[in-house]
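Chain by chain, the residues run as shown.
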Amino acid sequence: MLKKLIAATLYTALSLGAIPASATDLSAAAALREGSLQKLGFHDAAKHVSPLPFTAADGVEETLADYRGKLVLLNFWATWCAPCRKEMPALDQLAAAYGDQGLVVLPVATGHNPLPAIRSFYEKAGIQSLPLRMDGKGAMARDMGVLGLPVSILISPEGKEIARMTGDAEWFSPSAQSIVAELLTSYALSATTPPSQNDSAENH
């Protein structure tokens, strides 16, 4: 009986003190927030993300699970949203600079956003490195608790939400780049990119 009690106590202690292999200390990244990035809130505990699908320009459905293994910056936006349009070029620059290092910048147009309007905006804004994705009925955005636009959500390679911000930001500022670089280093991501991310050109 005593042996079982000791074993149970030891197991509990080890369990409470254990840090999952996938856990990453985000405090270093959080300390790099400056300017508009100060609005980016890092969570104390990672949160589940929506399993609901969104679609590519060709109508093929995807889910966030398709992007496991990458650091994802999910951005909910709309063509009629002025702050959304304002930050999109910076998101495009961020994708171009860090896309081959393990970052996926994933803009998802939520609600009523006709495909021709999205393509027209991409062309006029000179968007070259961002995929075109849509959440036509807004179901995924609602499931993610999005109440306004734009909303940017950082998702870990394990597929969990680690930080969120409502409102536009300077996503190619020194602060934003430092945060991304720190997270990529912390997660030690590979330089490979999922095949689904090589289609930005065909979506314009």
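Structure's up top.
This is a predicted model, so every value here is computed, not measured.

Q: What's the story with helix α6 (residues 174-187) in this structure? I'm lost.
A: One full turn of an α-helix is made of 3.6 residues, so residues set three or four places apart face in the same direction. Here α6 contains 14 residues, and its C-alpha end-to-end distance of 20 Å stays within 8% of the 20 Å for a straight helix at 1.5 Å per residue. Of all the positions in α6, only S175, A176, I179, V180, L183, L184 and Y187 are classed as buried. The arc enclosing the buried residues of α6, seen along the axis, measures out at 165°, which places them on a common side. Exposed residues on α6 whose side chains face more than 90 degrees from its buried face are P174 and T185. A188 sits one or two positions beyond α6 and adopts a positive phi of about 50°.

Q: What is the right way to read the state of the cysteines from this model?
A: One pass over the full model with this rule turns up 1 disulfide. A sulfur-sulfur separation of 2.3 Å characterises the disulfide bridge that pairs C81 with C84. Here the S-S torsion is close to 80°, and the disulfide linking C81 with C84 is therefore right-handed. Each member of the pair, C81 together with C84, is buried.

Q: Whenever I open this one, the nonpolar core confuses me. Can you help?
A: Generally speaking, soluble globular proteins have nonpolar side chains that are buried together. Counting 41 residues, the largest nonpolar core has F42, L103, L154, W171 and L183 as its most contacted members. At the level of elements, α2 (27-30), β4 (71-77), α3 (82-98), β5 (103-110), α4 (115-125), β8 (161-166) and α6 are the ones that each hand at least two residues to this core. Top element by residues in this core is α3. It accounts for 7 residues. Judged by nonpolar contacts, the second largest core, of 16 residues, contains V108, A141, V151 and I155.

Q: Teacher, can you tell me more about the side chain of D92 here?
A: Considering the arrangement of structural elements, one finds D92 in helix α3. There is no salt bridge for the buried D92, and the closest opposite charge comes from R133, which lies 12 Å off by N-O distance. Only 3.4 Å separates the side chain of D92 from the backbone nitrogen of L130, close enough to count as a polar contact. Not counting residues up to four positions away in its chain, the partners in contact with D92 are G126, I127, Q128, S129 and L130.

Q: Whenever I open this one, the side chain of E62 confuses me. Can you help?
A: Position of E62 relative to the elements: it lies in strand β3 (residues 61-62). On the basis of relative accessibility, which here comes to 8%, the residue E62 falls in the buried class. Within the structure, E62 has its side chain in polar contact with the side chain of Y67 (distance 2.4 Å).

Analysis parameters
- Residues numbered from 1 in each chain as written.
- Predicted model: local features only at pLDDT ≥ 70, side-chain atom pairs only at ≥ 80, totals over all residues.
- Heavy atoms only, no water.
- Helix = DSSP H or I, 4+ residues; strand = E, 2+ residues; numbered from the N terminus.
- Expected span 1.5 Å × (residues − 1).
- Buried < 20%, exposed > 50% of the residue type's maximum accessible area, 1.4 Å probe, protein only.
- Arc of directions from axis to C-beta.
- Disulfide = S-S within 2.5 Å.
- Core = buried A, V, L, I, M, F, W, Y, C linked by side-chain atoms within 4.5 Å.
- Lys, Arg positive; Asp, Glu negative; His and termini not counted.
- Salt bridge = Lys/Arg side-chain N within 4 Å of Asp/Glu carboxyl O.
- Polar contact = N/O pair within 3.5 Å; in protein donor to acceptor, adjacent residues only side chain to side chain.
- Contact = heavy atoms within 4.5 Å.

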